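Secondary and tertiary structure notes
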Amino acid sequence: MAGNLIQDGTTITLPTGTARTNGSLYGISSGVGAIVGVANDTYTAAQIPTLIVQGVFDLTKTAAAASSFSQGDPVYATTGAGALVALNSTATSDVFVGTAWETVTTTATSVKVNINFG
């Protein structure tokens, strides 16, 4: 094992001052890029949450034309509402979430996504 390994990289703590709900998707954005994570518990605004940043999660999506996915498709979240969508070429602010791990239609209420993968 490398002597300079500090953690396995599957989680990140994020002191934001914002409440987080267990199992919900959250984006971490910087001037350079973005990473997404799923809260591993429910946190108050005073607590420092831990977000899981690797793995396949069953994420809630809206039933909309832009939210059907084939297995292997990239999945994005819209800024603001955070709806899961396929890439929208007109919305440059959409944040990459990961890769669809299954095929789902527009009427599905969730999609399995391997976050930060792809």
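As a reminder, the structure under discussion sits directly above these lines.
Scope of this entry: the structure provided in the associated data block. (Residues numbered from 1 in each chain as written. Predicted model: local features only at pLDDT ≥ 70, side-chain atom pairs only at ≥ 80, totals over all residues. Heavy atoms only, no water.)

1. Side note on the overall build of the chain
A count of helical and extended segments in the chain gives zero helices and nine strands. The N-to-C order of helical and strand elements in the chain reads β-β-β-β-β-β-β-β-β. Buried residues in the chain amount to 29% of all 118 residues. The long-range share in the chain, meaning contacts at least 24 apart out of those at least 6 apart in sequence, stands at 48%. Carbon and sulfur atoms form 55% of the exposed surface of the chain, whose accessible area is close to 6,800 Å². (Helix = DSSP H or I, 4+ residues; strand = E, 2+ residues; numbered from the N terminus. Buried < 20%, exposed > 50% of the residue type's maximum accessible area, 1.4 Å probe, protein only. Contact = heavy atoms within 4.5 Å. Areas by Shrake-Rupley, 256 points an atom, 1.4 Å probe, with all protein chains shown as cover.)

2. Remarks on the nonpolar core
For soluble globular proteins, nonpolar side chains are generally found buried alongside one another. Leu-59, Val-75, Leu-84, Val-97, Val-111, Val-113 and Ile-115 are the most contacted members of the largest nonpolar core, which has 14 residues in total. Residue assignment for this core shows that the elements contributing at least two residues are strand E3 (34-39), strand E5 (55-60), strand E6 (74-77), strand E8 (95-100) and strand E9 (110-115). For this core, the element with the highest residue contribution is E9, accounting for three residues. Those residues in contact with Ile-115, other than ones at most four positions away along the chain, are Val-36, Gly-37, Val-38, Ile-52, Val-53, Gln-54, Gly-55, Phe-57, Leu-59, Val-97 and Gly-98. One finds Leu-14, Tyr-26, Ile-28 and Ala-39 within the second-largest nonpolar core, a separate group that totals five residues. (Core = buried A, V, L, I, M, F, W, Y, C linked by side-chain atoms within 4.5 Å.)

3. Concerning a nonpolar patch on the surface
Together, Val-56, Trp-101 and Phe-117 line one region of the surface with nonpolar side chains, adding up to about 280 Å² of accessible area. Looking at where Phe-117 falls in the secondary structure, it is placed in the segment after E9. Under the relative-accessibility criterion, Phe-117 is labelled partly exposed at 42%. (Patch = residues over 30% accessible without salt bridge, like charges linked within 9 Å, V, L, I, M, F, W, Y side chains within 5 Å. Salt bridge = Lys/Arg side-chain N within 4 Å of Asp/Glu carboxyl O.)

4. What about the side chain of Asn-114?
Its location among the elements puts Asn-114 in strand E9. Residues contacting Asn-114, with those up to four places away along its chain left out, are Gly-55, Val-56, Val-97, Gly-98, Thr-99 and Trp-101.

5. Describing the sheet that holds E9
Pairing is antiparallel in the open sheet, where five strands are placed in the order E5-E9-E8-E6-E7. The strands lining the two open edges of the sheet, one partner per strand, are E5 and strand E7 (84-85). Here E5 pairs with E9 via six bridges, running antiparallel. Following the sheet pairing, Thr-60 is matched in E9 by Ser-110. (Pairing = 2+ DSSP bridges.)

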